[in-house]
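The chain contents come next:
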Amino acid sequence: MSRKQLIIETSFVIISIMFILTAFILNSLYGDTWYVVMLFGLSFAIGGFAKAKEGILATIKNKSLNVEILMILAALGAFFQGSYSEGAILILIFSISGVLESYATSKSEKELTSLLKLAPKTAIFYQDGKESEVAIDSLNIGDEVIVKVGQQIPVDGIIIKGSTSLDQSPITGEYVPVEKNKDDDVFAGSINLEQTIIVKTTKSPKESVVQKIIDFVSEAQENKTESQTLIDKIEKYYVYFVILFAIAFIIFPPMFGWLDSQESFRRGIVVLVVGSPCALVASITPAMLASLSNAARKRILIKGGKKLEDMIGIKSVVFDKTGTITTGIPKVVEIKTVSDYDLEEVKTIVYSIEKQSNHPLAKSVTTYLNKTTEIKDIETHEVSGRGMEATHKNDHWQIGRFEAKASDHCSKALERVKKDGHSLINIIKNGEIIGYIALSDTMRDHVKEVTESLLKLNITPVLLTGDHEDTAKMIANQAGIKHYEANCMPEDKVHRIKELQKSLGKVLMVGDGINDAPALATADVGVAMGAGTDVSLETSDIVFMNNNIENLPKTIELARRMRKITIQNIIFSISVILLLMVTNLFGLIDLPLGVIAHEGSTILVILNSLRLLFK
């Protein structure tokens, strides 16, 4: 529903309230005059217009009656009985409920317009030494494009000139920049960090990794079948039961001489009124709104009550690694040197050299060594895709991924660090590796407590990551996750989620990057971290605005509480309706008393739902 439609519908309800209040005031002063009846009638017509239209269109489309039609019939029945105020109030309460539900669900899903921003729409076409800006769609296999520093690579291809480092996190989720040289493959959507390169197109832009991500998300959104809410499942049977019951009251008693026609008609109308679904509708909408408010207070954005309801029955939770169960920020784990070298002196040289670089890993190193003394007069040189080098006191130093020899002792240490899943920066002096810097993505707080909570809820946690095996294994062990899979591209995550859906049931996916968008859309419920990309936030159903992963079990438990209270409300409201109907069967209830009892049950149901605001 658009914002304009919501404003119009809300305005109708406000006008309806004003007419009802005016009618009651005039009725108390002048009695049941024609203009009082007219005001109640206007309130009925204006307040019930939106729901009447919705009910009629739904009836035509689905070829079956619905609760909107039943409410209109109930209010019309009250008017025919001369109970104008009761009819107007009935339709007003139902209309208010409809407006609240519209507000709660209007933001359930945003259009995926941000997906169009995943890759640039234009590229710098290079031919015969000339540059020209062209639309990416016009490029063909074999065309050459120039990619300057800070730009996204527009096509899948290979580097034919130059070397650089690329940020491939939009595609793989891996935070560590990847060195790329001549003849290396590159993905569209990757960000050029260091030097201008020329890329030769090897795939049609329609077949690029980024385009596949867009296609995956669109397909998953179109194919995701939304389960009906509980009220939808019982609506058809409920409506026909009430209508048939009312018709039976009107027809059969006079036919068999049990009641006269006038009394029989009166009781039939009472059936429509006391059987109206005000309390039944209020069983769900206030519960959802209270749950959404509760979540919002905890900085959990849920895109409509339907999304929260979808969390009930989750059997598996799939985690992305970088930015989800880890912070996505590389931090230095340790700096080591072989025994022949003074570690503090080496740290001073490393800090002074890395201070001159803007590379993300260099910044992590200088942050770790921020209390180290800096050598002011050292001259440095940055080697694209490799790292930093400098000469100090006639010694040649290199910090980065340079090739160099290492002692057996140092080689074993390097292998051990790699096996632990850490990223490595070599410390090289005069062509020999004399030490290393180990970096690792850091775990978010409370991750292990979250996975333990999920296991207690009989939910299986799974880790899917684009990282290599050693890193994936290390992170999974730290997080208490038994099931993990490494080296996952976006399409691999989609396939794995589909397999989990077949083997376990409903799957929830937690991610934060562009590469997570297809998986977020494919899963039954997609959850994005608030610091994630625009695409993951748009594609997801739930967003943790405060980036607290511990929100996950809280949200699942909130969904289960909502279902419990909703079922309580439904059982209570149907019980009241059945009681009023049985009472009416014996002629023990009049229309005004029926309305009071019926609306009283609605108030109790709403109060019960408001308990979801707390805890």
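Cut-offs used in this document
Residues numbered from 1 in each chain as written. Predicted model: local features only at pLDDT ≥ 70, side-chain atom pairs only at ≥ 80, totals over all residues. Heavy atoms only, no water. Pairing = 2+ DSSP bridges. Helix = DSSP H or I, 4+ residues; strand = E, 2+ residues; numbered from the N terminus. Axes fitted to C-alpha atoms, helices over the stretch in contact; angles between N-to-C directions. Contact = heavy atoms within 4.5 Å. pLDDT = per-residue confidence, 0-100. Salt bridge = Lys/Arg side-chain N within 4 Å of Asp/Glu carboxyl O. Core = buried A, V, L, I, M, F, W, Y, C linked by side-chain atoms within 4.5 Å. Buried < 20%, exposed > 50% of the residue type's maximum accessible area, 1.4 Å probe, protein only. Polar contact = N/O pair within 3.5 Å; in protein donor to acceptor, adjacent residues only side chain to side chain. Expected span 1.5 Å × (residues − 1).

Q: Describe the sheet that holds strand β8 (residues 191-192), listing the residues and the values that go with them.
A: With antiparallel pairing, the three strands of this open sheet are ordered in space as β6-β5-β8. Here the strands that pair on one side only, and so sit at the sheet edges, are β6 (178-180) and β8. As paired elements, strand β5 (residues 164-167) and β8 share two bridges and run antiparallel to each other. Bridge pairing in β8 places Asp167 opposite Ile191.

Q: Account for the sheet that holds strand β22 (residues 525-529), naming residues and giving values.
A: Ordered in space as β10-β23-β22-β21-β11-β19-β20, the seven strands form an open sheet in which the pairing is mixed. Each edge of the open sheet carries a strand with a single partner, namely β10 (300-302) and β20 (483-485). Strand after strand, the sheet turns through a mean of 20° between neighbouring axes, direction not considered. Bridge count between β22 and strand β23 (residues 542-544): three bridges; the pairing is parallel. Bridge pairing links Met529 to Phe544 in β23. Set on the sheet, helix α16 (residues 447-456) makes contact with β11 (314-319) and β19 (460-464); between it and β11 the angle comes to about 160°.

Q: Go over the pairing of strand β1 (residues 122-127) with me, naming the residues and quoting the values.
A: Relative to strand β2 (residues 130-135), β1 runs antiparallel, the two being bridged by six bridges. Each residue of the ladder has a partner; that of Thr122, found in β2, is Ala135. The turn linking β1 back onto β2 is made up of two residues, and Asp128 within it adopts a positive phi angle of 55°. Looking at chain direction, β1 and strand β3 (residues 144-147) are connected through three bridges and run antiparallel. Its bridge partner lying in β3, Tyr126 is registered against Glu144.

Q: So, the confidence of the model for the protein: which residues are in play, and what are the values?
A: Averaged over every residue, the pLDDT of the protein is 81; the share at 70 or more is 87%. The low-confidence segment residues 107-116 (pLDDT under 50) makes 20 contacts with residues lying over four places distant or belonging to another chain. Counting interchain partners and residues more than four positions distant, the pLDDT-below-50 stretch residues 219-228 has 17 contacts.

Q: An account of the pattern of salt bridges is requested, with residue identities and associated values reported.
A: On inspection of all chains with the given rule, the structure shows 13 salt bridges. In this structure, Lys493 engages Asp320 in a salt bridge whose closest nitrogen and oxygen atoms are separated by 3.0 Å. One end of the pair, Lys493, is in helix α18 (residues 490-503); the other, Asp320, is in the loop between β11 and α12 (321-325), with 173 residues separating them in the sequence. For Glu485, the salt bridge identified is with Arg496, shortest N-O distance 3.6 Å. You can see Glu485 sitting in strand β20 and its partner Arg496 sitting in helix α18, a full 11 residues away along the chain. Salt bridges here are not isolated pairs; linked through shared partners, they connect Glu485, Arg496 and Glu499.

Q: So what's going on with the nonpolar core? Residues and values would help.
A: Core analysis: the biggest nonpolar cluster contains 85 residues, and Met311, Val317, Phe319, Leu508, Val510 and Leu552 have the highest contact counts within it. With 11 residues, the single largest contributor to this core is helix α21 (residues 551-585). Leaving out residues up to four positions away in the same chain, Leu552 has contacts with Met311, Val317, Phe319, Val450, Leu454, Leu508, Val510 and Phe544. Core analysis: the next-biggest nonpolar cluster, separate from the first, contains 32 residues, Ile349, Val350, Ile434 and Ala438 among them.

Q: Break down the side chain of Asn608 for me, with residues and values.
A: Structurally, the position occupied by Asn608 is in helix α22 (residues 591-609). At a separation of 2.9 Å, a polar atom in the side chain of Asn608 contacts the side chain of Arg611. The residues contacting Asn608, other than those within four sequence positions of it, are Ile565, Gln568 and Asn569.

Q: Explain helix α10 (residues 285-297) residue by residue, including any values.
A: Helix length check: α10, at 13 residues, gives a terminal C-alpha distance of 18 Å against a target of 18 Å (1.5 Å per residue), a fit within 8%. What α10 keeps buried is the set Thr285, Pro286, Ala287, Met288, Ala290, Ser291, Leu292, Asn294 and Ala295. Note on α10: the residue one or two positions beyond its end, Arg299, has a positive phi of about 65°.

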